[in-house]
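# Summary of structural features
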Amino acid sequence: MLEIYDLTTKKELKPYIKDIKSYYKKVIETLELKDEVNFSLIICGKKKIRTINKQYRNIDKETDVISFANIDSDDFDYLDEEDLNLGDIFINVDRVKSQAKEYEHSIKREFVFLFVHGFLHLLGYDHMKEEDEKLMFYLQDKIIGDLK
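Residues numbered from 1 in each chain as written. Predicted model: local features only at pLDDT ≥ 70, side-chain atom pairs only at ≥ 80, totals over all residues. Heavy atoms only, no water.

### A word on helix 2 (residues 46-57)
With 12 residues, helix 2 ought to run about 16 Å at 1.5 Å a step, and its terminal C-alpha atoms sit 15 Å apart, in line with that. The set of residues buried in helix 2 consists of Ile 49, Ile 52 and Asn 53. Buried positions in helix 2, seen along its axis, are confined to an arc of 100° and lie on one side of it. Away from its buried face by more than 90 degrees, helix 2 exposes Lys 47 and Gln 55. The secondary structure elements touched by the buried residues of helix 2 are strand 2 (38-44), strand 3 (65-69) and strand 4 (85-92). Phi turns positive one or two residues past the end of helix 2, at Asn 58, with a value near 55°. (Helix = DSSP H or I, 4+ residues; strand = E, 2+ residues; numbered from the N terminus. Expected span 1.5 Å × (residues − 1). Buried < 20%, exposed > 50% of the residue type's maximum accessible area, 1.4 Å probe, protein only. Arc of directions from axis to C-beta. Contact = heavy atoms within 4.5 Å.)

### As for unusual backbone geometry
When glycine is set aside, most residues are seen to have a negative phi, and most peptide bonds are trans. The backbone of Glu 32 shows a phi angle near 55°, a positive value even though the residue is not glycine. Tracing the backbone through its elements, the reader meets Glu 32 in the loop between helix 1 (17-30) and strand 2. Among the residues examined, Glu 32 registers a relative accessible area of 70% and is labelled exposed. Non-glycine residue Asn 58 carries a positive phi angle of around 55°.

### Overview of the side chain of Asn 92
With respect to the element layout, Asn 92 can be found in strand 4. The class of Asn 92 is buried, set by a relative accessible area of 0%. With near-sequence residues (within four places) excluded, Asn 92 lies in contact with Cys 44, Gly 45, Lys 46, Ile 49, Glu 62, Thr 63 and Asp 64.

### With respect to the sheet that holds strand 2
Backbone hydrogen bonds hold the strands of a sheet together, and the pairing may be parallel or antiparallel. With respect to topology, four strands assemble into an open sheet ordered 1-2-4-3, the strand pairing being mixed. Taken across any chain shown, the strands that pair with only one partner, and hence form the sheet edges, are strand 1 (2-6) and strand 3. On average, each strand axis in the sheet is tilted by 15° relative to the strand beside it, whichever way the strands run. Both strand 2 and strand 4 contribute to a ladder of six bridges, which runs parallel. Bridging from a neighbouring strand, Leu 41 pairs with Ile 89 of strand 4. Against the sheet, helix 1 touches strand 1 and strand 2, its axis set at about 155° to strand 1. (Pairing = 2+ DSSP bridges. Axes fitted to C-alpha atoms, helices over the stretch in contact; angles between N-to-C directions.)

Just geometry here; none of it tells us what the structure is for.
Structure representation (structure tokens):
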């Protein structure tokens with residue numbers, strides 16, 4: 001189950017929540033996961049994500065998305081456990097808007113991309129090594145498709 005919390009006052013991404021829920025299901029189907037998985041998506045602003053980035057990653061700057069996995073990425077047996085919470089994804093609403101403009105695509109597309117990227121991290125995918133990056137980016141493209 002996906003829990004969504006919007007910590008922002010303007011709720012600017014609210015119109016895209018239904019899209020996020022659809023892509024949640026698309027990730028489940030694409031990766032052929034047996035059941036739904038549990039995690040939280042937290043929508044926040046640039047100050048909050050910078051604080052989180054500094055506190056947990058010792059990087060004192062704003063970012064677009066941060067994923068905190070509760071499971072070690074080497075332990076894929078966790079998908080058989082019931083009611084397991086995979087962790088949390090934090091998405092910076094300010095970066096969603098600015099990156100959508102920068103990359104000349106919709107806010108919806110940027111929000112979905114960051115969500116799928118974060119979700120894949122919670123499932124153990126990474127892009128630290130070239131071969132891992134190719135797989136993760138392939139899956140992102142397959143899931144998101146030609147969404148503009």
